[in-house]
Amino acid sequence: MKKIFVLVSLFCVNNLSAQNTIVLNADKGKDIINKNIYGHFAEHLGHCIYGGFYIGDSNKTIPHKDGVRLDVIEALKKLKVPVLRWPGGCFADTYHWKDGVGPKKERPSMLNVWWGNVKEDNSFGTNEFLNMCELLGAEPYLSGNVGSGTPQELSDWIKYTTHPNGSSPMTDFRQKNGRPNPWHVKYWGLGNEAWGCGGNMKVEYYANVYRQYATFMTNWNNSDRIYRIASGASDADYHWTEVLMKELPAGMFDALGLHHYSVINWSKKGSATNFSEEEYFTTMKRALQMEELVTRHSAIMDKYDPQKKKHLAVDEWGGWYDVEPGTNGAFLFQQNTMRDAVLAGATLNIFNNHCDRVKMANLAQIINVLQAVILTKEEKLVLTPTYHVMEMYNVHQDATMLPVEVTSNKYILGKDTLTTIWASASKDKNGATHISLVNADAKQAQNVSININGASYKTVSGRILTSDKMQNYNSFENPNKIAPASYGGAQLNGSKLSLNIPPFSVVVLELK
Ligand code: AHR
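Residues numbered from 1 in each chain as written. Predicted model: local features only at pLDDT ≥ 70, side-chain atom pairs only at ≥ 80, totals over all residues. Heavy atoms only, no water.

**Thoughts on the site of the ligand**
Here comes step 1: Near the ligand the following residues occur: Phe41, Glu43, Gly89, Cys90, Trp115, Asn192, Glu193, Tyr261, Glu316, Trp320, Gln365 and Leu370.
Here comes step 2: In the model, an oxygen atom of the ligand is placed 2.7 Å from a nitrogen or oxygen of the Glu193 side chain.
Here comes step 3: Within the side chain of Gln365, a nitrogen or oxygen atom sits 3.0 Å from an oxygen atom of the ligand.
Here comes step 4: Relative to its free-state accessible area of 280 Å², the ligand is covered by the protein chains to the extent of 93%.
Here comes step 5: Grouping the amino acids of the shell around the ligand by side-chain chemistry returns six nonpolar, three polar and three charged. (Near = heavy atom within 4 Å. Polar contact = N/O pair within 3.5 Å; in protein donor to acceptor, adjacent residues only side chain to side chain. Areas by Shrake-Rupley, 256 points an atom, 1.4 Å probe, with all protein chains shown as cover. Nonpolar A, V, L, I, M, F, W, Y, C, P; charged D, E, K, R; others polar.)

**Thoughts on the sheet that holds strand E27 (residues 505-511)**
Here comes step 1: One open sheet accounts for six strands, arranged E16-E20-E21-E27-E23-E24; its pairing is antiparallel. Each end of this open sheet is capped by a strand with a single partner; those strands are strand E16 (400-402) and strand E24 (485-486).
Here comes step 2: With six bridges connecting them, strand E23 (residues 460-465) and E27 associate as antiparallel partners. Within the sheet, the bridge partner assigned to Ser461 lies in E27 and is Glu510.
Here comes step 3: Seen against the sheet, helix H10 (residues 385-393) touches strand E21 (433-439), E23 and E27 and runs at an angle of roughly 165° to E23. (Pairing = 2+ DSSP bridges. Helix = DSSP H or I, 4+ residues; strand = E, 2+ residues; numbered from the N terminus. Contact = heavy atoms within 4.5 Å. Axes fitted to C-alpha atoms, helices over the stretch in contact; angles between N-to-C directions.)

**Description of a nonpolar patch on the surface**
Here comes step 1: Together, Leu111, Val113 and Trp114 make up an exposed nonpolar region whose accessible area comes to about 300 Å².
Here comes step 2: Here Leu111 shows up in strand E6 (residues 110-112). (Patch = residues over 30% accessible without salt bridge, like charges linked within 9 Å, V, L, I, M, F, W, Y side chains within 5 Å. Salt bridge = Lys/Arg side-chain N within 4 Å of Asp/Glu carboxyl O.)

**Here's the deal with the sheet that holds strand E10 (residues 227-234)**
Here comes step 1: Strand order in the closed barrel made by the eight strands is E2-E5-E8-E9-E10-E11-E12-E13, with parallel pairing throughout. Across this sheet, the average inter-strand angle for adjacent strands is 30°, counted without regard to direction.
Here comes step 2: Sheet topology places strand E12 (residues 311-319) next to strand E13 (residues 358-364); four bridges connect them, and they run parallel. From the neighbouring strand, Val314 faces E13, where its bridge partner is Ala361.
Here comes step 3: Sitting on the sheet, helix H6 (residues 203-215) is in contact with strand E9 (187-190) and E10, with an inclination near 165° to E10.
Here comes step 4: Sheet contacts for helix H9 (residues 338-353): strand E11 (255-262), E12 and E13; angle to E12, the most-contacted strand, approximately 170°.

Rendered as structure tokens:
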């Protein structure tokens, strides 16, 4: 009898460890998942702008509006891109916006010193970018040049883009360039990576420079106040956040940035497609560090701003690998596999769960650069696995976050472990609840049991992004290898929901 009891206990323990559990607190929603968490980033780098978005207004083979590819716009509209950061990146602190306005023939050319010393002819500038944002239905986020610009230049840019017609020489200049009325430009960055390519400043120095620039960033229309974002920390540089919170006057900023890339090793990043399980594990470890980063940067901000009036904008994030063989090393063109889908799904769950402080995030970068959602090659266009995750997750945009408590198995590789299940949930304006789940385990499918508190649902449906190899990707030759499929694997039984998620897969459930 005793023997049987021991065996049953062992069976239960094993079974318990094989079962991941989630408590969904459906009645505890408080914070809104700001749609800007699903933001993007476009830099004058490689073929993000030229050959990505912009093919020139004389192109006869690819349908476009004023040189902007219409197939790209159509695909991005399905993502509901809320905000788009531009023109960099490192490029932003070398960019002088007046070079990029006025008749194209008269615009000066320059060398893009950060990204391959290629010629930048300034044919895509402020008017082109802001008109494109209007076409896309996305809010622009302009990254100002603090590294090599002047406060006057930035102040003029604000006047040129946002001030009412006829209010200054800058608005007359705008009218002369074919745009009488201002655009809507709320989001402004004051420099990029001020600790690095934006000027190699110490944070104490940058805080002073920030105060100087911010003083001259005026907007006269109070109902349309600008939102100022300070160049934030790199990864775990908590000192940077601490000093900015201490030194920047509360009325002079709205958010601090944060940049974090998932890189195996900066001197040996590894192939984007041909990678081992060890490399997958390391990439995921770097990506999942985002949980600790947002928690600890937020905790510092809490000391100075317990009411969370100041936000965290993770304005660059994503996976970074070696460029594709045969491509320009400075163009950062990489393929995108199921590893990237898992990375994106888990990271977005982290942002959703921290939506009380994280109000914006910008995946790097939107087209043809780093963890892109779209790849282009002449007239061809590929939607990457990351695109599909962004599309599946857009149900969370502006929905009320529902807290989840996740008890997860461990994904073990050698002596190291990772949390396997990453989840977040929200309730949208129509009353539907969505739960997004990621299984980060490279080998094992995972059973997940969700206990629902505070709501009862009649139906569950779902979508899944999965593939038989984590190295799989969508190519120009086979663009639909990976695409979301409908998922009927979730069983709803009263207040319990059970499902099984294949390895390295992403699932989004809808409960009604
Ligand atoms: O996204 C590529 C580069 O990475 C950006 O220009 C820079 O801000 C970061 O270091």
